[in-house]
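These are the residues of each chain, in order.
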Amino acid sequence: MENIFLVSMLATAVTAGTPILFASLGEMVAEKAGNLNLGVEGMMLVGAVTGFMINAYVQNPWIGVLAAMIAGGATALIHAFLTITLRANQVVSGLALTMFGTGLSGFMGKSLIGIPAPTTFKPFDFPVLSKIPYIGEIFFQHDALVYLSYLIVIVLAVVLYKTRWGLNLKAVGENPAAADAVGINVSLIRYVAVIFGGMLAGLGGAYLSLAYAPSWLENMTAGRGWIAVALVIFATWNPIKCLLGAYIFGGVDALGFRIQTRGIDISPFFLQMLPYICTIIVLILITRETKSHRVSPPGALGLPYDREER
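Please read all numbers here as calculations on a predicted model, not as lab measurements.

## Considering the overall build of the chain
Working step 1: Secondary structure assignment for the chain yields 12 helices and 0 strands.
Working step 2: Its helices and strands in sequence order give the chain the pattern α-α-α-α-α-α-α-α-α-α-α-α, from N to C terminus.
Working step 3: Taking 19 Å as the expected radius of gyration for a compact globule of 310 residues, we find that the chain reaches 19 Å, a close match to that expectation.
Working step 4: Each principal axis of the C-alpha distribution contributes one length, and for the chain these read about 65 × 45 × 40 Å.
Working step 5: Here the chain, with 310 residues, has 51% of them falling under the buried criterion.
Working step 6: Expressed as a percentage of contacts within the chain between residues at least 6 apart in sequence, the contacts between residues at least 24 apart total 77%.

Right, here's the structure in full:
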């Protein structure tokens with residue numbers, strides 16, 4: 001009985017952690033290029049409402065996902081233009097983007113509240129792998145977007161560490177002046193990284209409104225965008241660690257529901273706080289590691305680059 005409970009909770013952790021995983025992978029790529037985007041929450045909300053709205057009209061969740069990614073990328077383009085072209089403060093721009101995305105999604109989705117999703121992503125057993133005891137039940141009995149998240153993690157791990165583009169991305173994030181000196185287009189790489197990050201954040205939002213809880217509610221991300229930002233630091237800018245960290249946060253989130261179903265008398269308000277308490281603890285621990293130089297962010301993170309000042 002306990003094994004069944006544990007497997008079920010771990011499977012739920014994978015599902016609950018998937019939107020955070022998408023968003024954190026996108027933010028990781030942007031930060032690898034030296035651009036800090038704190039607008040993840042806003043981009044996720046815009047992606048969630050856009051994906052749900054398009055799916056409601058065309059009744060095809062894949063088209064909804066594509067629309068959500070485009071909307072997330074377009075929202076990120078605002079941040080890219082402000083911080084890369086105009087060299088605005090990245091923290092201020094990101095916070096403004098979160099407020100903008102929250103307000104825009106609320107306006108766009110006002111008429112969608114209470115409307116059920118006509119089509120959604122349904123779980124299905126992945127061939128062969130779903131039959132593996134425990135592992136199959138935890139990782140390979142989910143919907144297509146969960147399997148897509150596995151693929152994106154693998155592709156990013158290969159691209160970032162095994163390709164020239166990944167090396168250029170890291171060079172731009174560490175020392176843009178040196179990268180520029182050897183002919184790397186710093187602005188182009190940063191634009192691509194930020195827009196790609198926005199697209200993955202939009203995908204994370206679409207997962208919430210089309211698979212995890214197929215509906216639209218204002219502020220349905222409930223702070224997951226901020227958790228994704230913290231997760232990038234926790235994962236030390238590594239996609240594999242992002243996956244593990246997302247499932248840890250997802251497990252903490254799922255634990256609250258499982259405790260309630262077991263009849264344990266704990267305040268539901270405290271259970272809702274658990275993921276954010278975990279986030280604060282992680283940030284404290286990572287801050288200590290950073291001060292001891294065991295963990296270091298990209299050297300040019302948060303710093304605008306002006307070629308004329310090189």
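Structure's up, so let's keep going.
## Things to note about helix H3 (residues 61-85)
Working step 1: Between its first and last C-alpha atoms H3 spans 35 Å; for 25 residues at 1.5 Å apiece the expected length is 36 Å, and the two agree.
Working step 2: For H3, the side-chain oxygen to backbone nitrogen distance between the N-cap and Trp-62 is 3.0 Å, and the N-cap itself is Asn-60.
Working step 3: With its phi angle positive at about 55 degrees, Arg-87 sits one or two positions after the end of H3.

## A short note on empty space enclosed by the protein
Working step 1: Under the counting rule described, the total for this entry stands at 1 cavity of 30 Å³ or more.
Working step 2: Volume-wise, the largest cavity comes out at about 40 Å³.
Working step 3: Residue lining of the largest cavity: Ala-23, Gly-26, Glu-27, Ala-30, Asn-37, Val-40, Met-43, Val-194, Gly-197, Gly-198 and Ala-201, and that is the complete set.
Working step 4: Looking at the lining of the largest cavity, the elements with two or more residues in it are helix H1 (2-32), helix H2 (40-58) and helix H9 (186-212).
Working step 5: Residue classes in the lining of the largest cavity are distributed as 6 nonpolar, 4 polar and 1 charged.

## Considerations on a nonpolar patch on the surface
Working step 1: Taken together, Phe-124, Phe-126, Val-128, Leu-129, Ile-132 and Ile-135 make up a surface patch of nonpolar side chains, about 490 Å² in accessible area.
Working step 2: Mapping Val-128 onto the fold places it in the loop between helix H4 (90-108) and helix H5 (135-139).
Working step 3: By relative accessible area, Val-128 is classed as exposed at 68%.

## Notes on the layout of surface pockets
Working step 1: Its volume calculated, the second largest pocket comes out at about 230 Å³.
Working step 2: As for the second largest pocket, its lining consists of 13 residues, and the residues nearest its centre are Lys-32, Tyr-161, Lys-170, Glu-174 and Trp-237.
Working step 3: Among the elements of the structure, helix H6 (144-162) and helix H7 (164-174) are those that each provide at least two residues to the lining of the second largest pocket.
Working step 4: Element by element, the count of residues in the lining of the second largest pocket is highest for H7, at 4 residues.
Working step 5: When its residues are assigned to classes, the lining of the second largest pocket shows 6 nonpolar, 4 polar and 3 charged.

## Observations regarding the packing of H2 against H3
When two helices pack together, you describe them by how their axes are tilted relative to each other and by the distance separating the axes.
Working step 1: Between H2 and H3, the least distance of the axes is 7 Å, while the angle of their chain directions is 145 degrees. In this structure, H2 crosses over H3, and the sense of that crossing is right-handed. Contacts between H2 and H3 involve Met-43, Val-46, Gly-47, Thr-50, Gly-51, Ile-54, Asn-55 and Val-58 from the former and Pro-61, Ile-63, Gly-64, Ala-67, Ala-68, Ala-71, Gly-72, Thr-75 and Ala-76 from the latter.
Working step 2: A per-class count over the contact of H2 with H3 returns 10 nonpolar, 7 polar and no charged.

Basis of the calculations
- Residue positions are counted from 1 within each chain, in the order its sequence is given.
- Restriction of local features to residues with pLDDT of at least 70 applies here, the model being predicted, together with a cutoff of 80 or more for giving and counting side-chain atom pairs; totals for whole chains, interfaces and linings are based on all residues.
- As a convention, hydrogens and water are excluded, and side-chain values are obtained from all of the structure's heavy atoms.
- Only DSSP runs of H or I covering at least 4 residues are called helices, and only runs of E covering at least 2 are called strands; the numbering of each starts at the N terminus.
- Values of the radius of gyration come from C-alpha atoms, whereas the globule rule sets the reference at 2.2 Å times the count of residues to the power 0.38.
- Burial classes: relative accessible area under 20% of the type maximum marks a residue as buried, over 50% as exposed, and values in between as partly exposed (1.4 Å probe, protein chains only).
- Any two residues whose heavy atoms approach within 4.5 Å are treated as being in contact.
- Take the number of residues in a helix, subtract one, and multiply by 1.5 Å to get its expected span.
- Residues adjacent in sequence count toward polar contacts only when both atoms are side-chain atoms; beyond that, a polar contact is any pair of N or O atoms within 3.5 Å, and within protein one must be able to donate a hydrogen and the other to accept it.
- Cavities and pockets were defined on a 1 Å grid built over protein atoms only: a cavity is a set of grid points that admits a 1.4 Å probe from which the probe cannot escape, a pocket is an open set flanked by protein on both sides within 12 Å along at least five of seven lines, and lining residues are those with an atom within 4 Å of any such point.
- Grid points are joined across faces, edges and corners, and a volume is the space filled by probe spheres set on the points.
- By the convention adopted, Pro, Cys, Tyr, Trp, Phe, Met, Ile, Leu, Val and Ala count as nonpolar, Lys, Arg, Asp and Glu as charged, and the other residues, Gly among them, as polar.
- To count toward a patch, a residue needs a relative accessible area above 30% and no salt bridge. Like charges then connect within 9 Å, nonpolar side chains (Val, Leu, Ile, Met, Phe, Trp, Tyr) within 5 Å.
- The Shrake-Rupley method, run with a 1.4 Å probe sphere, supplies the accessible areas, and residue values consider only the shown protein chains as cover.
- We count a salt bridge whenever a side-chain nitrogen from Lys or Arg sits within 4 Å of a carboxyl oxygen from Asp or Glu.
- Fitted lines through C-alpha atoms serve as axes, helices being fitted only where they are in contact, and the angles separating the N-to-C directions of these axes extend from 0 to 180 degrees.
- Note on convention: near helix rotated counterclockwise from far helix by under a right angle means a left-handed crossing. Clockwise means right-handed.

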